[in-house]
Structure formats: structure tokens, C-alpha cells
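# What the coordinates show
Letter by letter, the chains look like this.
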Amino acid sequence: MPPTDPAARTPTDPPSAPVRRRRPRPDPGAAGAGAAARCARPGLLGLRGKLALSVAAAAALVAAVIGVLVHDQTSRTQLDTARRDLDAGLLAAVADYERMIDGGVLVNPPDLPDALREAIATRPVRATFLDRAGEDPVLWAALLERPAAAPPGDGATAGGGSAEGPATVLAVRQSYLPQTEALGALDRTLLGAGLIATGLGSLLGLLLATVGGRRIAGSARTAQRIAQGDLAARVRPRGRDEIARMAAAVNTMADALQVRLEAERRITADIAHELRTPVAGLVTAAELLPPGRPTELVRDRARTLRRLVEDVLEVARLDTEGVEQAEFECCRTSTLARHAAAACADQLPEAAGGEAITLTVTADAEVRTDPRRVARVLANLLSNALRHGGAPVELEVDGTVLRVRDHGPGFPADLLAQGPQRFRTAARERGRGTGLGLTIVAGQARLLGAGVRRANPAAGGAVTELLLPDGSAPRGPGAAPPPPRTPPSGGAAPAGADAGAASATRRR
């Protein structure tokens, strides 16, 4: 029986009958990452700014209303007091005028305001009037003295005189400038107090918004961690307000999601585990069939089914916390790349299709990682590039970065935005696939503490970069190569002897 590798994939023939496709279920570690990244960037005016502005606006509105009320009440009080005092002065001046004493009364003043003159002419009353027509405001008080003598009555004072002759206007006036200046000083005080109150309100609103915003931001960060796959993340509710209820709701959602996903993972792992024995028997039985084209088809489908079961089991192990553990050791990135290229050329003859995997070492580096898992990641990336991309497939070593590039149609837009999803069909132009290969790459990279980046270059094709943690300073391609080590894939020879460029081709 020829050796097989879970990383190996063979293209399947088109089905003879229509197949109902199931809508792919978003993976919490990948599908939520794009949405979490989009939601993580706040707008120009966040919650703290909005709440602070709201409190500041409320404080300014209250200060403005209080200021207007105080200004109006003070101005009314000032004017009423000034009118009462001036009216008393008018009565005293008229009494002095009747006793032929100069008490400062004005007799028929020519500059008496017309409104005041009309008021005392139509009704026998004393009247006051605030004249603001000039530069300085002036408060007038006046009465009309009739020629006929009449006793005083109901607040109207008429001096005695002859029954003949015109009526006489008696008036007094005083400047209203002191009251106006006092009112202006009060307005300035109210304005300053309003600004201070608005500033204090803004600080108080910012403080309250900061406290509430931190709690909401903590809940948002926890929700993002849950969306990225950390199902153990929880929010610590504090208090009994709406934010605490939201935190409790997030925890409840995370508990329900964790129970459901763990149940689904257990079911998937159990099904794959139960399928291993019958699938192994099916592969063995297929090897016993007589040679021929139908036998080759059966063997190919049996091997594909076994690889699918092994991939499902591996994904289930990677999803279960603590099951898979990386074994770290120091190694060179160029050595890892050579072993992966040679192993892929040996074990994927169908996928290579006679095309070469070009290995280029731009800069070598020493890293501390798990060589077996790195080989698994590179095998899946190279297999994906060979089956879904276009020739030539390039494997480049740039220090701690291992870069796989093909020249096919590139990654689908939703894959770049959301990440790999299991049992997901890729774009038609890149062929068909289960999505387990890139899911395994993401899981293995997470165990290694490495990063995976995918992009579609402007020149065409697809590029995937594996960023390994740095173990030492990078070493250029001209330096001496490291001592030979046993290949992690099971004894495959290096693809080239120098550190510059090598090529691993499909063996015929």
C-alpha cells in the first residue's frame, strides 16, 4: 500500500447527479474575526464623547435658563424699586413746588418722552417711564397739574391754582445707568458661573462616560475574544445597571455557544473516529481489487475518504483545548522549507501535475518551533496552491517568514475577509475543496504561536505567509548552512544543497 499523508488531496471528478449544497456554517474562530475587526474601530465621536457632550449641553442649557430667569427677575426688581423711589421723590418735589420751594422739580420739561406725556394727559395719574433713547438710560416720573384746585385723591395730586390757565407738567428724572451697570455685572457673573458649571458638568459627564465606557469596552473585548474562538472568556458584571445586565447576557450567550460548539465538536470527532475502522477496511479492500480503471477510481475515492476522516479528526483535536501540544526545538527555516518541498513533491504526485515547486531562500533564520507541525502547515499550503492555484508554485524563505505563492485566480474575497471555514467550497475558479486544509493551517499556527497572512498580489495569484516566532538573528543565504537534520516528514532528502534557490519537481 503506498504511503499516504493527511495533507495530500486529490481532485474529485464531477458528480453525475446534482448535489444539494449545504450553506457553510461560520467558524467562530474565523467568521467572527472580520466582523470583530470592523466593529473594533470606533467612530470619530465615541460613547464617552457623546455622553460628555450631552452632559455639557444639559449643564449649559440649565445655566442659560437660570441666567435668563435671574436676569429678568433682577431687572424687574431694580426697575420697580427705582420707580417707587422716583415716585416718592416726585411727590416731595411737587409739595415743595406748591410751597414755592425749589425741590428740583421740572416744570413743563421739553425733553419729556412723548409716551409719558400722553399717559399723564389722558388720565389723572402719576406715571414713570424708562427712556433708553439716549446714550444713558433715564428714568422719568411726572404728573399733570390741573388749573382747578382739587383735593388729592387715589394717588393723584393736583396743586391748587386758579381755574384759568393751561395745565402744568411737573416731572423729575434720574439716571438709570448705575442699575444698568449693576445688571451688566450680574450678567457677567452669571455667564462665568454658567461656563464653570458647563465645564464641571463636562468633566463629570466625561468621568461617568469613562467609567461606563470602560465597562462597555470590556464587554466588547470579551465578545471579540469569544468571536475569535476563546470560548472561555467571560465578563465580570459589576453593579445592577443596564451595563451589568448586558455583561450577564454576554456571559449567558457565551455559555450557550460553548455548550453547543463543544457538543458539535464531540459529535464530529465521534463520527470521524467511528469511521476510521470501516474506512481503513475499505482502503484495504480496494487494494485487493484486480487492476483496472474502475479499481483505480475506487482506490482514489477510498484514499480521499480516509484523508477527509483524518482531517476531520485533526480539526477536532486542534479545537479541543489541551489535546494537542507542540514540541519546540531550534531549527533553520531553510531546512524546514526544503523538507516540506521535497515531501510534497514525493507524496503529492497527482496534485503536482508535472509542475515544479520552486524554493527560494532570501534570508535564513533560526527559529524555535515544532518542525513536524511546520511541515504539516507547509504541506497543506503547497497542496492548496498546487490543486487550487496556478503554476508555478513558489516557496520563499525570508528570515522567519515562509511565503507560499501561486499564480492562479487568487483567494476569494470572503476568505480574505473572514478567514478559512471548514467544509466551505472555495471560488469556482480555484476548484472545489472542503476548507479543512486552511483550517488545519490556522489551528497548527495557533499552537506554534505563529501568524498566517493571506493576500492577492496586484500581479495576480495568491500569497500565504507563515510568520514563525524568531529564535535568533536572521542569517543571510551566503552563510554556512546548518548541520543536516532528519527531515520531519519521514526521511525526504533536501531539495537543494545551497541556501540560494532550489526546485522540487514531481517524480515520474
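Description of the structure in this document. (Residues numbered from 1 in each chain as written. Predicted model: local features only at pLDDT ≥ 70, side-chain atom pairs only at ≥ 80, totals over all residues. Heavy atoms only, no water.)

## Observations concerning helix α11 (residues 436-448)
The terminal C-alpha atoms of α11 lie 18 Å apart, and with 13 residues this matches the ideal 18 Å at 1.5 Å per residue to within 8%. All of the buried residues in α11 are Leu436, Gly437, Leu438, Thr439, Ile440, Val441, Gly443, Gln444, Ala445 and Leu448. Among the structural elements, α6 (293-319), β7 (366-369), α9 (371-388), α10 (413-418), β10 (451-455) and β11 (462-467) are those in contact with the buried residues of α11. At the exit of α11 stands Gly449, carrying a positive phi of roughly 70°. (Helix = DSSP H or I, 4+ residues; strand = E, 2+ residues; numbered from the N terminus. Expected span 1.5 Å × (residues − 1). Buried < 20%, exposed > 50% of the residue type's maximum accessible area, 1.4 Å probe, protein only. Contact = heavy atoms within 4.5 Å.)

## Quick word on unusual backbone geometry
Positive phi is not limited to glycine here, since Met100 has a value of about 65°. Position of Met100 among the secondary structure elements: in the loop between α2 (47-98) and β1 (106-107). The phi torsion at Asn108 lies on the positive side, around 45°, for a residue other than glycine. Following the sequence through the fold, Asn108 ends up in the loop between β1 and α3 (114-122).

## Looking at the pattern of salt bridges
Tallied over the entire structure, the rule returns 18 salt bridges. A salt bridge links Arg215 to Asp241; its shortest N-O distance comes to 2.8 Å. Separated by 26 residues along the polypeptide, Arg215 in helix α4 (residues 177-227) and Asp241 in the loop between α4 and α5 (242-287) bring together distant segments of the chain. Between Arg303 and Glu287 there is a salt bridge whose closest N-O contact spans 3.7 Å. Separated by 16 residues along the polypeptide, Arg303 in helix α6 and Glu287 in helix α5 bring together distant segments of the chain. Taking relative accessible area as the criterion, Glu287 reaches 23% and is therefore assigned partly exposed. Counted as one network, the salt bridges with shared partners bring together Glu396, Asp398, Arg403, Arg453 and Glu465. (Salt bridge = Lys/Arg side-chain N within 4 Å of Asp/Glu carboxyl O.)

## Some points on the side chain of Asn251
Assignment of secondary structure puts Asn251 in helix α5. Dropping the residues within four chain positions of it, Asn251 is found in contact with Arg234, Val235 and Pro237.

## Notes on the environment of Leu139
Here Leu139 is to be found in strand β3 (residues 138-145). In the structure, Leu139 is positioned 60 residues away from Leu79 in sequence and 9.1 Å away in space, judged by C-alpha atoms. Excluding residues within four positions of it along the chain, Leu139 makes contact with Leu79, Ala82, Arg83, Leu86, Phe129, Leu130, Val172, Arg173, Gln174 and Tyr176.

## What to know about the state of the cysteines
On inspection of all chains with the given rule, the structure shows 0 disulfides. Here Cys330 is not cross-linked by a disulfide; its sulfur's nearest cysteine counterpart is in Cys331, at 7.4 Å. Among the residues examined, Cys330 registers a relative accessible area of 43% and is labelled partly exposed. (Disulfide = S-S within 2.5 Å.)

## Here we look at the sheet that holds β3
If you walk across this open sheet you meet the 4 strands as β1-β4-β3-β2, and the pairing is antiparallel. Across the chains shown, the open sheet's two edge strands, defined by having one partner strand only, are β1 and β2 (127-131). Judged from the 8 bridges that link them, β3 and strand β4 (residues 168-175) form a sheet pairing that is antiparallel. The residue bridging Val138 from the neighbouring strand is Ser175, located in β4. Helix-sheet contacts for α2 involve β1, β2, β3 and β4, and the interaxial angle to β3 is about 40°. (Pairing = 2+ DSSP bridges. Axes fitted to C-alpha atoms, helices over the stretch in contact; angles between N-to-C directions.)

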